[in-house]
Amino acid sequence: MERIKSGVPGFDGLVDGGLPKGFIVLVSGAPGTGKTIFGLHFLLEGIRNGERCVYITYSQSPKDIRDQGAVLGWDLSTLEFVELRPEEFEESLAGKRYDRIVLDSLSSVAVMTRDSLGRFISKVKEIGCTALLISELPKETQWLSRDTISEFLCDGVIVLKSVEAAGDVKNMLKVEKMRSTKIDHKSFIYNLTGKGFELKTYKVS
Ligand SMILES: Nc1ncnc2c1ncn2[C@@H]1O[C@H](COP(=O)(O)OP(=O)(O)OP(=O)(O)O)[C@@H](O)[C@H]1O
Ligand SMILES: [Mg+2]
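What counts, and where the lines are drawn
- Residues numbered from 1 in each chain as written.
- Chains lettered and ligands numbered in written order.
- Predicted model: local features only at pLDDT ≥ 70, side-chain atom pairs only at ≥ 80, totals over all residues.
- Heavy atoms only, no water.
- Helix = DSSP H or I, 4+ residues; strand = E, 2+ residues; numbered from the N terminus.
- Buried < 20%, exposed > 50% of the residue type's maximum accessible area, 1.4 Å probe, protein only.
- Pairing = 2+ DSSP bridges.
- Near = heavy atom within 4 Å.
- Polar contact = N/O pair within 3.5 Å; in protein donor to acceptor, adjacent residues only side chain to side chain.
- Areas by Shrake-Rupley, 256 points an atom, 1.4 Å probe, with all protein chains shown as cover.
- Nonpolar A, V, L, I, M, F, W, Y, C, P; charged D, E, K, R; others polar.
- Contact = heavy atoms within 4.5 Å.

(A) Fine view of unusual backbone geometry. Along the chain, Asp104 connects to Ser105 via a cis peptide bond; the corresponding omega equals 5 degrees. Within the secondary structure, Ser105 sits in the loop between strand 6 (100-104) and helix 4 (114-127). Phi at Asp16 takes a positive value of approximately 55 degrees, unusual for a residue other than glycine. Within the secondary structure layout, Asp16 lies in the loop between strand 1 (3-4) and strand 2 (19-20). Judged by relative accessible area, Asp16 falls into the partly exposed class, the value being 43%. At Ala166, a position not held by glycine, the phi torsion is positive, near 50 degrees. Inspection of the secondary structure puts Ala166 in the loop between strand 8 (156-165) and strand 9 (168-178).

Structure follows, in structure tokens:
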């Protein structure tokens, strides 16, 4: 199985060296857990390799995201942005080819049934890209996505959490699922720094 580098410092070791090419991976997390930054690392890696990359956003304007990248020292001027709802995206991007897609976020779809979500994921697969679908999670929830369905339909699920313990806040990443990949069912601490996402190599239970 061909794997691609995620571009997220410290992450690839958790998934046998990289994300399986062509996979649709859900990235779920509460507000401010670094979902957008994770997605930008992924696309910047693609840009470095000369791949076709697109950031599909509905929740934040492209300008906001470029500004957010600039604070982290990233030049996103060559990154393509598309401002669309996922349901519009199906039609408008039909026939286009991309290597990497980030959709921020899946939660902007008003109502998604299992069927419509399944059709949507098949469409993204047809593009032949590796995709990260971002899902916004409430702080306290047992579910892995906002819609409670996409975690079953996607090939992989990465959950970002912010946990308070003894007055300290720790960010924790867990790969809940990655088809065809040996994963360690542990949480890993990460920091959000002036350089973006930084995963620590030590595990938490
Ligand atoms: N320069 C920086 N130094 C330290 N932390 C930073 C820096 N820039 C951003 N952060 C952290 O990253 C967080 C925002 O990351 P990001 O926008 O990726 O989160 P998100 O999960 O996409 O949030 P949302 O749900 O609002 O879309 C901020 O809450 C902040 O803690
Ligand atoms: Mg975001």
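(B) Fine view of the pairing of strand 7 (residues 130-136). By the criterion of burial, strand 7 is predominantly enclosed, with 6 of the 7 residues buried. In terms of strand pairing, strand 3 (residues 24-29) meets strand 7 through 6 bridges, oriented parallel. Bridge pairing in strand 7 places Val25 opposite Leu132. Relative to strand 7, strand 6 runs parallel, the two being bridged by 5 bridges. Within strand 7, the position partnered with Val102 by the bridge is Leu132.

(C) Highlighting the site of ligand 1. The full set close to ligand 1 counts 13 residues, and Gly32, Lys35, Thr36, Ile37 and Gln68 are the nearest of them. Take Gln68: an N or O atom from its side chain is 2.7 Å from an oxygen atom of ligand 1. Burial of ligand 1 by the protein amounts to 62% of the accessible area it has alone, namely 650 Å². Within the residue set of the shell around ligand 1, elements represented by two or more residues are helix 1 (35-48) and strand 10 (187-193). Residue composition of the shell around ligand 1, by class: 5 nonpolar, 7 polar and 1 charged.

(D) Seen up close, the side chain of Ser28. Of note, Ser28 is situated in strand 3. With relative accessibility at 0%, the residue Ser28 sits in the buried group. Looking at Ser28, its side chain comes within polar contact range of the main-chain oxygen of Leu144, at 2.4 Å. Not counting residues within four places of it along the chain, the set of residues in contact with Ser28 comprises Lys35, Ser135, Leu137, Leu144, Ser145, Ile158, Val159 and Leu160.

Geometric descriptors of this kind do not, in isolation, establish any biological role.
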